[in-house]
Amino acid sequence: INTYRTSSNQLCSSKVFIQRHYSSGTICKFQTKFPSELESRIDEQQFEETIQTLNNLYAEAEKLGGKSYLEGCLASLTAYTIFLCMETHYEKVLKKIARYIKDQNEKIYAPRGLLLTDPIERGLRVVEITIFEDRSIGSGR
Amino acid sequence: MKNCEYQQIDPQALPTPTPTPQPHHGNDTEKKKEPRRPRRKWEVFPGKNRFYCDGRIIVARQSGVLPLTLGLILVTSGLFFIFDCPFLVKHLTSCIPVIGGVLFVFVLITLLQTSFTDPGILPRATPDEAADIEKQIDNTGNTSYRPPPRTKEVLINQQVVKLKYCFTCKMFRPPRTSHCSLCDNCVERFDHHCPWVGNCVGKRNYRFFYTFIVSLSFLTAFIFGCVTTHLALRAQGGKGLVFALQESPGSAVELVICFFSVWSILGLSGFHTYLVASNLTTNEDIKGSWSGKSGEDVTNPYSHKNIFINCCSVLCAPMPPSLIDRRGFLPADESAQTGSADIELPTLAAKSEINVCTQGTKGLLESAALSPLLSTSCPQGKPQNAHSCPETSPALNSDPTSEFSKGCRGNHTSSSHGDTSRPRHTKARSKKCRREALHIPNPAFDVPVSPTSPDAAPDSKARSHKGGSLTPLH
């Protein structure tokens, strides 16, 4: 955890990591357990809703269904060369996820001094939440 | 701190110590000489991989016997088209080269895809994540800074699965992930490292690998059949096999190659078809993870209990993205200042935006222990931070100096070039870390800090360039 102790208006940050949840197998899913460091900052319900939506989006990306099977079969017939020119279903959903996170940051997290990092930038290992503390006017820890 | 840096580098770099203004000069020319080319993340990738076409192609460091595989396929197919096809077209049907051609193209494309695709490499944990995980474990009572081997148990589909901690990548491996020692990477759904294709086979390229071996078995069997037919036709009329071989020597070579390879390739295809149908990896099968030999009732928790669904989930699932972002750009500062010494630093995460100076977690934790006030991830960078945040309390300055000079001295004792560059770029990195941390909230906040950091940055950059410019002069 990064903590800088400064005497005037410095913005310092610490990080909370939401780990992966493996009870359903290898699909990408994050734990919805509310971390204690966020208790003073955001509603538990709000946080859970964000994580749950992310989990649903990742499930949609990895979903096995008629459409993905068709895509996979057609790809195999072309010796998978269509992957070189086509955007895959997963990539489309990842863009959706990036938009969702940006939206959440702008509307909900930034006003509370928090920042969500897109899990894809952390290799889908964690959801990194940076907690900013404004030390001006004597506030903060 | 400025003086510290000079004192460490001077004796080795120059016969006489240089006065302050001169390095500024040298620094400017150095800056002009070094174009600020933005570097891509693959250039600082910590694993043992090689990259081509500016990061588009990834292979393992040891190409294994990939050239041999390619050579055998090209030679055999070439001989087939040259020696056997004309005869067979004349005597049988012209479909033969067409089928052969399609199979050959399939084999070649899938082979290259298997070899050049990222198998599902997991990027290493950022220092913050690593510290977070280590902290959790320390809280359970272990006060040592050297993490003991440990596993974490999770329940997957009512089956207990042990997740191991990877010391190289500093994270708990997801299920079915294994660390390949040849490539020095954790690979998701690790199947095996195949020397024939010169790459690991994992989640992302398993379907290419499977298509490769299946089409290769068809191709080998097809060529074997065609060559046998060809020789049989030539040997007709009492002419004999020897005569036939003399007329078409290429066929002899093909016969030998195909005869010896068709069994193993067919066997491999059959084995992998079984694995696909039961949603297993070679790694799990060899270790017997789900075979229940320990007497317990263990079943494969990942299997869908249906052969068709298993096959589809392995071969036709949505193609997962590459997690290592090879062609992404590093933040501009790091591109300019980091040199080849980067690759020696083992804990660099390729994808980390907030890249920090690291000398291993032990180093981080040691410095954290020394100065509890300071950040655990930027111990060496504190002097820079002190400069970039002029309002920092004076208490901080004394600690970093002693710590930094300790770090300097440590670097100084090893080889000159590689290590004198380290304080330079570790300082730059940590300064970058600090600035990145400041920049991130900018869109969201109006931070008065941002004007100060660009001011401080050129100074600190100049200082770190000075350090760098001294070394080549000797």
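This is a predicted model, so every value here is computed, not measured.

Criteria and cut-off values
Residues numbered from 1 in each chain as written. Chains lettered and ligands numbered in written order. Predicted model: local features only at pLDDT ≥ 70, side-chain atom pairs only at ≥ 80, totals over all residues. Heavy atoms only, no water. Helix = DSSP H or I, 4+ residues; strand = E, 2+ residues; numbered from the N terminus. Buried < 20%, exposed > 50% of the residue type's maximum accessible area, 1.4 Å probe, protein only. Contact = heavy atoms within 4.5 Å. Pairing = 2+ DSSP bridges. Phe/Tyr/Trp six-rings, centres within 6.5 Å; stacked < 30°, edge-to-face > 60°. Lys NZ or Arg CZ within 6 Å of the ring centre and 35° of its normal. Expected span 1.5 Å × (residues − 1). Bend = angle between axes of the 7 residues up to and from the residue. Patch = residues over 30% accessible without salt bridge, like charges linked within 9 Å, V, L, I, M, F, W, Y side chains within 5 Å. Areas by Shrake-Rupley, 256 points an atom, 1.4 Å probe, with all protein chains shown as cover. Salt bridge = Lys/Arg side-chain N within 4 Å of Asp/Glu carboxyl O. Lys, Arg positive; Asp, Glu negative; His and termini not counted. Charge placed at Lys NZ, Arg CZ, Asp CG, Glu CD. UniProt positions renumbered as here; feature names shortened; annotations may be inferred. Axes fitted to C-alpha atoms, helices over the stretch in contact; angles between N-to-C directions. Parallel < 35°, antiparallel > 145°, perpendicular 65-115°, else oblique. Left-handed = near helix turned anticlockwise from the far one by under 90°. Nonpolar A, V, L, I, M, F, W, Y, C, P; charged D, E, K, R; others polar.

Along chain A, the regular secondary structure elements total 4 helices and 3 strands. In sequence order, the secondary structure elements of chain A are arranged as β-α-α-α-α-β-β. Each of the 141 residues in chain A was classed as buried or not, and the buried ones make up 52%. Partitioning the intrachain contacts of chain A with sequence separation of at least 6 by distance along the chain shows that 57% fall at a separation of at least 24.

Turning to the sheet that holds strand E6 (residues 171–172) of chain B, a few remarks are in order. The antiparallel open sheet is built from 3 strands, whose spatial order is E4-E5-E6 (chain B). Unpaired on one side and paired on the other, strand E4 (151–156) and E6 of chain B mark the two borders of the sheet.

A few words on the packing of aromatic side chains. Residue and element names in this part refer to chain B. This model, assessed by the stated rule, comprises 13 aromatic pairs over all chains. Ring geometry for Tyr206 and Phe209: centres 6.4 Å apart, planes at 40°, overall tilted. Separated by 3 residues within a single helix, Tyr206 and Phe209 lie in helix H6 (residues 206–234), roughly one turn from each other. In terms of burial, Tyr206 and Phe209 fall into one category: buried. Relative to Phe260, the ring of Phe259 has its centre 5.5 Å away and its plane inclined at 80°; by these criteria the two rings are edge-to-face. Put simply, the rings of Phe80, Phe81, Phe104 and Phe222 pair up and form one aromatic cluster. Positioned above the aromatic ring of Tyr206, the side-chain terminus of Arg189 is 5.4 Å from the ring centre.

All names here are of chain B. When the terminal C-alpha atoms of helix H8 (residues 249–277) are compared, their 42 Å separation across 29 residues agrees well with the 42 Å that a helix rising 1.5 Å per residue should span. The axis of H8 is deflected most strongly, by about 35°, at Val262. Along H8, the positions that sit buried rather than exposed are Gly250, Ser251, Glu254, Cys258, Ser261, Val262, Ile265, Ser269, His272, Leu275, Val276 and Ala277. Buried positions along H8 lie against helix H3 (66–91), strand E9 (192–194), H6, helix H9 (282–287) and helix H10 (307–315). Backbone geometry just after H8 places Asn279 at a positive phi near 50°.

Attention now goes to the environment of A:Ile131. Looking at the secondary structure, you find A:Ile131 in strand E3 (residues 126–134). Residues within four places of A:Ile131 in sequence aside, it is in contact with A:Cys12, A:Ser13, A:Ser14, A:Val16, A:Glu37, A:Leu38, A:Arg41, A:Gly113 and A:Leu114.

A grouping of A:Glu37, A:Glu39, A:Asp43, A:Glu44 and A:Glu48 is seen on the molecular surface, where their side chains present a negatively charged patch. Counting through the fold element by element, A:Glu37 comes out in the loop between strand E1 (11–19) and helix H1 (44–62).

Take the UniProt feature "transmembrane region" (unreviewed entry) in chain B next. Residues and elements named next belong to chain B. Per the UniProt record, "transmembrane region" (unreviewed entry) is annotated on residues 65–83, 89–112, 208–233 and 253–277. In residues 65–83, the share of helix is 95% and the share of strand is 0%. The end C-alpha atoms are 27 Å apart. In this annotation, residues 208–233 is assigned 100% helix and 0% strand; the end-to-end C-alpha distance for the span is 37 Å.

Any two side chains of opposite charge can pair, so long as their charged atoms come close to each other. Inspection of the entire model under this criterion finds 14 salt bridges over all chains. The partner of A:Lys96 in a salt bridge is A:Glu60, with the nearest N and O atoms 3.3 Å apart. With A:Lys96 in helix H4 (residues 89–109) and A:Glu60 in helix H1, this pair connects stretches of sequence that are 36 residues apart. We classify A:Lys96 as partly exposed; its relative accessible area is 36%. Using a relative accessible area of 30% as the deciding quantity, one classes A:Glu60 as partly exposed. The partner of B:Arg124 in a salt bridge is B:Asp184, with the nearest N and O atoms 3.1 Å apart. Of the two residues, B:Arg124 is situated in the loop between strand E3 (121–122) and helix H5 (127–139) and B:Asp184 in the loop between strand E7 (178–180) and strand E8 (185–187); the sequence distance between them amounts to 60 residues. Counted as one network, the salt bridges with shared partners bring together A:Lys15, A:Arg122, A:Glu128 and B:Asp128.

Here the focus is the packing of H3(B) against H8(B). Residue and element names in this part refer to chain B. Remark: H3 packs on H8, axes separated minimally by 9 Å, with the N-to-C direction vectors making an angle of 140°. Our classification of the angle between H3 and H8 gives oblique. In this structure, the crossing between H3 and H8 has a hand that is left-handed. Contacts from Leu72, Thr76, Leu79, Phe80, Phe83 and Asp84 of H3 reach H8 at Pro249, Gly250, Ser251, Val253, Glu254, Ile257 and Cys258. Partitioning the contact of H3 with H8 into residue classes produces 8 nonpolar, 3 polar and 2 charged.

In this section: the pairing of strand E2 (residues 114–117) of chain A. Residues and elements named next belong to chain A. Burial along E2 is two-sided: the face carrying Leu114 and Leu116 and the face carrying Leu115 and Thr117 are both buried. Sheet topology places E2 next to E3; 4 bridges connect them, and they run antiparallel. Looking across to E3, one finds that Leu115 is bridged to Thr130.

All names here are of chain B. For Gln158, which is not a glycine, the phi torsion comes out positive at approximately 65°. Positionally, Gln158 belongs in the loop between E4 and strand E5 (159–166). In this model, Asn279 sits at a positive phi of 50°, which is unusual for a non-glycine residue. In this structure, Asn279 sits in the loop between H8 and H9. For Asn279, a relative accessible area of 5% puts it in the buried group.

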